[in-house]
Amino acid sequence: MRNPVSVTVRLRNLSTTTQDGSKPQIPDLLTNYYAFTPASEKLDRLLDFLQTHKDEKVLVYVMTCASVDWLYEALSAVLLKGSGIENVYALHGQMKLEKRQQVHRQVTKATKGVLICTDVAARGLDIPEVAVVLQYDPPVEPSTFIHRIGRTARMGRKGLSCVFLMPQEFEYVAFMGLQNVPLTPLDEERDSIESARETLSHMNVKRTLISSKLPDKRKKIHQAHREKLLSRKERREKLKEERDALKAGMNRKMSKKGTISGEMCDSPAVLALRRYAMDHEKLLNLAARAFVSFIRAYKEHECRYIFQLQHIDLTDLTHGFALFKVPSCGEIKNMLIMKIPLQEEFEPFVKLLADRVKEKRAREAEERQTKREEGEEEDLKRFKTERNQKLEALKLMNLSKNERSRAWKETELAELLKDSYYVKKEKMGRLGRRAVDERLGVDAIENAFLSTRDRKEAKVIRKKSNAIQLL
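Residues numbered from 1 in each chain as written. Predicted model: local features only at pLDDT ≥ 70, side-chain atom pairs only at ≥ 80, totals over all residues. Heavy atoms only, no water.

Novice: Would you mind going over unusual backbone geometry with me for this structure?
Specialist: Leaving glycine aside, a negative phi is the common case for residues, and trans is the common case for peptide bonds. Positive phi values are uncommon outside glycine, yet Ala153 reaches one of about 60°. For Ala153, the location among the structural elements is in the loop between helix H4 (142-149) and strand S6 (159-165). Although it is not a glycine, Asn180 sits at a positive phi angle of roughly 65°. Within the secondary structure layout, Asn180 lies in the loop between helix H5 (171-178) and strand S7 (184-185). For Asn180, a relative accessible area of 3% translates into the label buried. (Helix = DSSP H or I, 4+ residues; strand = E, 2+ residues; numbered from the N terminus. Buried < 20%, exposed > 50% of the residue type's maximum accessible area, 1.4 Å probe, protein only.)

Pasting the structure below:
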């Protein structure tokens, strides 16, 4: 046997404390903790943690750039005022280079403070004297966890790191143990695996994506066939009803869905942010953007068997961002309508927000209608000009009989495809009947269901009606 290869397979007990030499090694002076906290209590635990380490330099890692902007605004404008923590910085990859360099210089010179950042500061940046690393959101890639905690416990110094986990993510503790990163609970009673499992057993499944109804493709197909059987007048009336419903601020699809209510949130940090957001729209907009970006980033997590989007309590997550309602997001469009219970002091503001949404939808519908009416004449002129130019160009070209015939057929096919495009636009309500009829020269939708004899009779009737109108 030439060049023999020996393969050895061993089964290692998951509970063993021996480390795998092939995995990355962490410093001996680094202590890693974890804390189980629902999304609605994250801000309170963050403030308690920062207050404990207010005389040290702390890095707070979040998942997205939008979350950095929101958390920085929340801490600097509301939550850390009067707490003794003055130096708060923000750093993420969407900031301009000059701004990033300025923030890096400030953090490097400071002896204490809080830097809220994404994984742009997890590797490549030299930030000295970092005593504490707090992972407000677990990283999308498991390897990034090592780079994050590697910002502390450098040059023989002691370091501390902590990661916030939601109760349904408790298996992440054992997973990081397999990566040579042993995690210990920050609070033995509050952050035990048993308490996380107990919290998970009391979770309302209806407030998660598990309860979302997947769209039935067969229903869509049947609906499309039913729409084809409608006459032009019936389709136009249906589109008009939908536009009127949109102007009135009612979504007909959403009205068919059920509703589910969440739990009241009494978190002091969340209440403070909501009171501040009533007079400062900027914070509310940043929170909505952070919520949507978090959902989309969480969906792309590499450890999907642990971080499953369908297991997140959306009402609790909405409280965690101090929002008054669940923002619109494509990932949760099939969910039941979520009602966020709020204190009585917020009810007038919620009604004001609903009125603003209705006014905005009505204004957008009017603008679309105005643009549609103004754009029909311009589209018609451009359509006729393009068609005439193609035909004239073919007449002037020096082609053989076969080449000219082939060119005419290709042009006719292209025009046919364009005609079908305009017919679809009319069915969708984006073009008016008159504009489509003038483009095509015939009633294309009705003629599709007519025989040749019926089509000729309809043409004669149309000519007679035009002659009567001229008289």
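From this point on, the discussion continues.
Novice: Explain empty space enclosed by the protein to me, please; I cannot follow it from the model alone.
Specialist: In this approach the atoms are scanned with a rolling probe the size of a water molecule, which exposes any empty space left behind. Taken as a whole and assessed by the stated rule, the structure comprises 1 cavity of 30 Å³ or more. Of the pockets and cavities examined, the largest cavity occupies roughly 120 Å³. Elements with a minimum of two residues in the lining of the largest cavity: helix H2 (65-79) and helix H12 (314-320). (1 Å grid on protein atoms, 1.4 Å probe; cavity = no way out; pocket = protein on both sides within 12 Å on 5 of 7 lines; lining within 4 Å. Points joined across faces, edges and corners; volume = space filled by probe spheres on them.)

Novice: Teacher, can you tell me more about H2 here?
Specialist: Every α-helix winds through 3.6 residues per turn, so residues three or four apart in the chain are directed the same way. Look at H2: 20 Å from first C-alpha to last across 15 residues, which is about the 21 Å you get at 1.5 Å a residue. The element H2 is largely enclosed, with a buried count of 12 among its 15 residues. (Expected span 1.5 Å × (residues − 1).)

Novice: Before we go on, may I ask you to explain the pattern of salt bridges in this structure?
Specialist: If charged atoms from side chains of opposite charge come close, those side chains can pair. Taken as a whole and judged by the stated rule, the model has 9 salt bridges. Note that Arg190 and Glu41 form a salt bridge whose closest N and O atoms lie 3.8 Å from each other. You can see Arg190 sitting in the loop between S7 and helix H6 (193-201) and its partner Glu41 sitting in the loop between strand S1 (30-36) and helix H1 (42-52), a full 149 residues away along the chain. Residue Arg190 is classed as partly exposed on the basis of its relative accessible area of 42%. (Salt bridge = Lys/Arg side-chain N within 4 Å of Asp/Glu carboxyl O.)

Novice: Just to check I follow, could you spell out the nonpolar core for this structure?
Specialist: Side chains of nonpolar character tend, in soluble globular proteins, to be buried together. One finds Val60 and Trp70 to be the most contacted residues of the largest nonpolar core, which totals 90 residues. At 11 residues, the largest contribution of residues to this core is made by helix H11 (residues 281-299). Counting contributing residues, this core receives three or more from each of domain 1 (30-192) and domain 2 (268-355). In this view, Trp70 contacts Leu43, Leu273, Leu283, Leu286, Ala287, Ala290, Gly320 and Phe321; residues no more than four positions away in its chain are not counted. (Core = buried A, V, L, I, M, F, W, Y, C linked by side-chain atoms within 4.5 Å. Domains from an automatic or database assignment. Contact = heavy atoms within 4.5 Å.)

Novice: Help me out: how do you make sense of the packing of H1 against helix H10 (residues 268-277) in this one?
Specialist: The axes of two packed helices give the description: the angle between them and the distance between them. For the pair H1 and H10, the least separation of the axes is 7 Å and the interaxial angle reads 105°. If you check the angle between H1 and H10, you find them roughly perpendicular. Seen from H1, the contacting residues are Leu43, Asp44 and Leu47; seen from H10, they are Pro268, Ala269, Val270 and Leu273. Residue composition of the contact of H1 with H10, by class: 6 nonpolar, no polar and 1 charged. (Axes fitted to C-alpha atoms, helices over the stretch in contact; angles between N-to-C directions. Parallel < 35°, antiparallel > 145°, perpendicular 65-115°, else oblique. Nonpolar A, V, L, I, M, F, W, Y, C, P; charged D, E, K, R; others polar.)

Novice: Can you help me understand the packing of aromatic side chains in this one?
Specialist: By convention here, two paired aromatic rings are described through the distance between centres and the angle between planes. For the coordinates displayed, the defined rule picks out 13 aromatic pairs. Ring geometry for Tyr136 and Phe164: centres 6.1 Å apart, planes at 55°, overall tilted. On the criterion of sequence distance, the pair formed by Tyr136 in the loop between strand S5 (132-135) and H4 and Phe164 in strand S6 is long-range, its members being 28 residues apart. We classify Phe164 as buried; its relative accessible area is 1%. Three or more aromatic residues link up through ring pairs in this structure, and these residues are Trp70, Phe145, Tyr172, Phe175, Phe291, Phe294, Tyr298, Tyr305, Phe307 and Phe321. In this structure, Lys42 packs its charged tip against the face of Tyr136, placed 4.9 Å from the ring centre. Directly above the ring of Phe324 sits Arg274, whose terminal nitrogen or CZ lies 6.0 Å from the centroid. (Phe/Tyr/Trp six-rings, centres within 6.5 Å; stacked < 30°, edge-to-face > 60°. Lys NZ or Arg CZ within 6 Å of the ring centre and 35° of its normal.)

Novice: What is the right way to read the environment of Gln94 from this model?
Specialist: Tracing the backbone shows Gln94 in the loop between strand S3 (88-91) and helix H3 (97-109). Owing to a relative accessible area of 62%, Gln94 belongs among the exposed residues under this scheme. For the pair formed by Gln94 and Val120, sequence separation is 26 residues and the distance between their alpha carbons is 9.8 Å.

Novice: Just checking my understanding: could you explain the side chain of Ser267 for this structure?
Specialist: You can see Ser267 is positioned in the loop between strand S8 (259-261) and H10. Overall, the relative accessible area of 7% leaves Ser267 in the buried class. Separated by 2.5 Å, the side chains of Ser267 and Asp44 make a polar contact. Apart from residues no more than four positions distant in its own chain, Ser267 is found in contact with Ser40 and Asp44. (Polar contact = N/O pair within 3.5 Å; in protein donor to acceptor, adjacent residues only side chain to side chain.)

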